[in-house]
Structure formats: C-alpha cells, structure tokens
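# Structure at a glance
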Amino acid sequence: MRRPLIAVTAAALSIGVGIALSINPGSARNRRAVPVATPAGKAEFCIPHRQIRESLVRSDSVIDFKMLGGKIYRVTIPGGCPGLGFEERFGYSTSLDRLCASDIITVLYTSPISSGARCPLGPFQPVTLAPPEK
C-alpha cells in the first residue's frame, strides 16, 4: 500500500516543480543581467589589488570590482573573454601591488579544473550602479 502513496507524492512533487519553474521563466536571465552603471569620475589605468574586496563577473566582457570603502570600478574587456560569464571565475598574476588595464586575466574552469581564455583588462571606470530591479 505504501508504494502508490510514494508514487503519488513523487508525481505531485514533480508537478509542483514544473509549476514553480513556469511561474518565473525569465528569472535566471534577469539574475544574470548586467546592472546599469553611471560613470562616477575619470577612468583609471590601475587600482591597488589589496583594496579589492570583491570582483563580480557580470558577463564575458564586464567585471565590477568592489573596493574597500565602497567604491566600484567597472572593467569592460575589449572583445569579451570566452567562458568568463559562465564560469564567473578568473585569476591573474602581477608583480606590482596594483591591477592594471594592461594585465591579463585567465578564466578558471571548475569542471574539469583547468584554465581557459586569457584576456586583457580594459581601463577601470569608477561607477555608480543602479539599484537592482525587483
């Protein structure tokens, strides 16, 4: 007698999941939208890498760097960087205490663990980000 109950419960769960997915069909796309940024000053060639609090990969061609103190710099990679937007991870190496527009980043893949495209950064544009849409 328990088997039909389990089958019905599993069927109900799969129907519920299907309904939940169809309610917000574009939610994943909206989450990945690049926030609108307004320039907030003159672009800089380098930023001190020790003051980078967080880097947010927005797409294959856009990375936002959040700094200690709250300032945000947006870098637009000329021509984009294949795989960057999907993996959302990159590495870089520098002998200076700064990250510069002439530096190269490398996309880091998680499965299998490997390195991918190598791409040059563009200038660091200070920006103000628009609040996220609700």
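For the structure, check the block above.
Now for a look at the structure at hand. Just so you know, these numbers come straight off a predicted model, no measurement behind them. (Residues numbered from 1 in each chain as written. Predicted model: local features only at pLDDT ≥ 70, side-chain atom pairs only at ≥ 80, totals over all residues. Heavy atoms only, no water.)

### Focus: the state of the cysteines
Rules: Cysteine sulfur atoms are paired as a disulfide whenever they come within 2.5 Å of each other. Note on conventions: DSSP H or I runs of at least 4 residues are helices, E runs of at least 2 residues are strands, and numbering of each starts at the N terminus. Between buried and exposed lies partly exposed: a residue is buried under 20% and exposed over 50% of the maximum accessible area for its type, with that area taken using a 1.4 Å probe on protein chains only.
This structure, assessed with the given rule, holds 2 disulfides. One disulfide in the model links C81 with C119; its S-S distance is 2.0 Å. Measuring the twist about the S-S bond at about 85 degrees, one finds the C81-C119 disulfide to be right-handed. Placement of C81 in the loop between β5 (72-76) and α3 (84-87) and of C119 in strand β9 (residues 113-120) is noted, with a sequence separation of 38 residues between them. Accessibility expressed as a relative area gives 1% for C81, which makes it buried.

### Things to note about the side chain of E87
What counts is decided by this rule: When charges are counted, Lys and Arg are positive and Asp and Glu negative, with His and the chain ends excluded. Think of a salt bridge as a Lys or Arg side-chain nitrogen and an Asp or Glu carboxyl oxygen that are within 4 Å of each other.
Following the sequence through the fold, E87 ends up in helix α3. In this structure E87 is buried but unpaired, with R89 as the nearest side chain of opposite charge at 5.0 Å.

### Here's the deal with the pairing of strand β8 (residues 104-110)
The test is simple: Pairing between two strands requires that DSSP report at least two bridges joining them.
Of the pairings in the sheet, the one linking strand β6 (residues 90-92) to β8 comprises 3 bridges and is antiparallel in character. Across the sheet, the residue bridging to F90 is V107, located in β8. In the sheet, β8 pairs with β9 via 6 bridges, with the strands oriented antiparallel. Bridge assignment links T106 to a residue of β9, and that residue is R118.

### Focus: the nonpolar core
The nonpolar side chains of a soluble globular protein tend to be buried with one another. Worth spelling out the cut-off: As used here, the term nonpolar core means buried Ala, Val, Leu, Ile, Met, Phe, Trp, Tyr and Cys residues forming a set that is joined through side-chain atoms within 4.5 Å. The criterion used for residue contact is that any of the two residues' heavy atoms lie within 4.5 Å.
The biggest cluster of nonpolar side chains holds 18 residues, and the ones touching the most others in it are I63, F65, I77 and L84. Put simply, the parts of the chain that give this core at least two residues each are β3 (52-57), β4 (62-67), β5 and β8. When residues of this core are assigned to their parent elements, the largest contribution, 3 residues, is made by β4. Setting aside anything within four residues of it in sequence, one finds I77 in contact with D60, S61, I63, L84, I105, C119, P120 and L121.

### Brief notes about the sheet that holds β5
Applied cut-off: Interaxial angle, 0 to 180 degrees, is taken between N-to-C directions of lines fitted to C-alpha atoms, where a helix line uses only the stretch in contact.
The strand order across the open sheet built from 5 strands is β1-β10-β5-β4-β3, with neighbouring strands paired in antiparallel fashion. Where the open sheet ends on each side, the last strands, each with one partner, are β1 (37-39) and β3. Neighbour-to-neighbour, the strand axes of this sheet turn through a mean angle of 40 degrees, independent of strand direction. Direction of pairing for β4 relative to β5: antiparallel, over a ladder of 5 bridges. Within the sheet, the bridge partner assigned to K66 lies in β5 and is I72.

### A word on the sheet that holds β9
Across the sheet, 3 strands lie side by side as β6-β8-β9; this open sheet has antiparallel pairing. Two strands in the sheet have a free side with no partner beyond their single neighbour: β6 and β9. The average undirected angle you get between the axes of adjacent strands in this sheet is 35 degrees.

### A word on the packing of aromatic side chains
Note the following rule: Side-chain rings of Phe, Tyr and Trp (the six-membered ring for Trp) are treated as a pair once their centres are within 6.5 Å; stacked means planes under 30 degrees apart, edge-to-face means over 60, and tilted covers the remaining angles.
Throughout the structure, instances matching the rule amount to 3 aromatic pairs. A centroid spacing of 6.5 Å and a plane angle of 85 degrees characterise the contact between Y73 and F124, whose relative ring orientation is edge-to-face. Here Y73 is found in strand β5, whereas its partner F124 is found in strand β10 (residues 124-129), with 51 residues between them in sequence. Three or more aromatic residues link up through ring pairs in this structure, and these residues are F65, Y73, F90 and F124.

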